[in-house]
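Topology and contacts: notes
Residue strings, one per chain:
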Amino acid sequence: TTEIYTLSLHDALPISSRLIVHNPIDGVKVTREKTKKIVSNASEELVRIYNAIEEEFGNDPFYYSLYMFALQGRRKSEILNLKWVDIGENYYILRGTKSGEVQKIFLPDVIKEKLEMFRMNTEYVFISRRTGTRLVNIEKTTKKLKDRLGEEFSLHYLRNVIVSAMAESGLEAIYLSGALGHSDPNTITKYLTMNYLKGSEMASGLIEKVIKK
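To keep things clear, this report deals only with the structure shown in the data block. (Residues numbered from 1 in each chain as written. Predicted model: local features only at pLDDT ≥ 70, side-chain atom pairs only at ≥ 80, totals over all residues. Heavy atoms only, no water.)

**Re the packing of helix α2 (residues 42–57) against helix α6 (residues 139–149)**
Spelled out, the test is: Axes here mean lines fitted to C-alpha atoms, for a helix over just the part in contact, with angles spanning 0 to 180 degrees between N-to-C directions. Only DSSP runs of H or I reaching four residues or more are called helices, and only runs of E reaching two or more are called strands; each is numbered from the N terminus. Here the word oblique covers every angle except those under 35 degrees (roughly parallel), over 145 (roughly antiparallel) and from 65 to 115 (roughly perpendicular). The handedness criterion is simple: a crossing whose near helix is rotated anticlockwise from the far helix by less than a right angle is left-handed, and one whose near helix is rotated clockwise is right-handed. In this description, contact between two residues means that some pair of their heavy atoms is separated by no more than 4.5 Å.
At a closest axis distance of 10 Å, the pairing of α2 and α6 adopts a crossing angle of 125°. By the criterion of interaxial angle, the relationship of α2 to α6 is oblique. The handedness of the crossing between α2 and α6 is right-handed. Taken together, the residues of α6 that come into contact with α2 (itself represented by R48, I49, A52, I53, E55, E56 and F57) are T141, K144, L145, R148 and L149.

**Regarding the pattern of salt bridges**
Selection rule: Just to be clear on terms, a salt bridge is a Lys or Arg side-chain nitrogen sitting within 4 Å of an Asp or Glu carboxyl oxygen. Burial classification: accessible surface area is computed with a 1.4 Å probe over protein chains only, and a residue below 20% of its type maximum counts as buried, one above 50% as exposed, and the rest as partly exposed.
According to the stated counting rule, one finds 13 salt bridges in the structure shown. For R48, the salt bridge is made with E152, and the minimal N-O distance between the two is 3.0 Å. Here the residue R48 occupies a position in helix α2, and E152 occupies one in the loop between α6 and α7 (155–168), the gap between them amounting to 104 residues. For R48, a relative accessible area of 34% puts it in the partly exposed group. Salt-bridge contacts for D60 lead to R129; the nearest nitrogen and oxygen are separated by 2.8 Å. Of the two residues, D60 sits in the loop between α2 and α3 (61–71) while R129 sits in the loop between α5 (109–118) and α6, which places them 69 residues apart along the sequence.

Here you go:
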C-alpha cells in the first residue's frame, strides 16, 4: 500500500518562518513557587553563622568582610559590585540595587577594619586573586560555609536570618526593610522615606549585641 502525503506551503517552511496564528501559551498562568524561608530562633542562628564565618575566614580579611557584608543583609550582586570610591568613613554607597535606587548603608567597624587590611588601587573592592578582575564566582568559598552550616545555607538565606532576628528583637518593619534595601516594605509605610542608613545601622547593632552575649 502506498501512502501519499501532501505538504502545504506552510508545512514546507522552516519553523522560524511559519506564521503563528494563535499564541500557544495564551491563557496559561504559571504560579511562582514561594521560596521564602522561615527562620526560627533567628538570633541563635545568627550566632551560629557568625561563628562559622569567624572560624573559616577569621584570618582572611578579604573573604571575612565579603561574608560579613552578606550577614548584614547585602545581596551577592551588591557585594561584588562594590567600588572603593563608594566606601565612606562609616557608610558605603550601593548603586546597582534591585530597586534601582542609590542607597547609603551603614558600615560596621568590624568590616571597615578588614577592608583596610587589603585595600588596593583597584576599581572594585572584591577582585579575583586568579584573574585580577572583578570577582564573580564565590561558589567554592560559599561551599566551605555550607559544609559547616548545612544545605540550607546561602547568601540569600542570610537576609532571612538578619531580618528574622531583627523582628524577634521587636524592631519596626520600616527598619527591617531599610536593612535589606527594600524601598516598599508594605502598603502602610510605602509613602514614608526609607531610612536605609538607620535600618542597616540597627541591623549591625543587633548582630554585635547578639554575638557578644
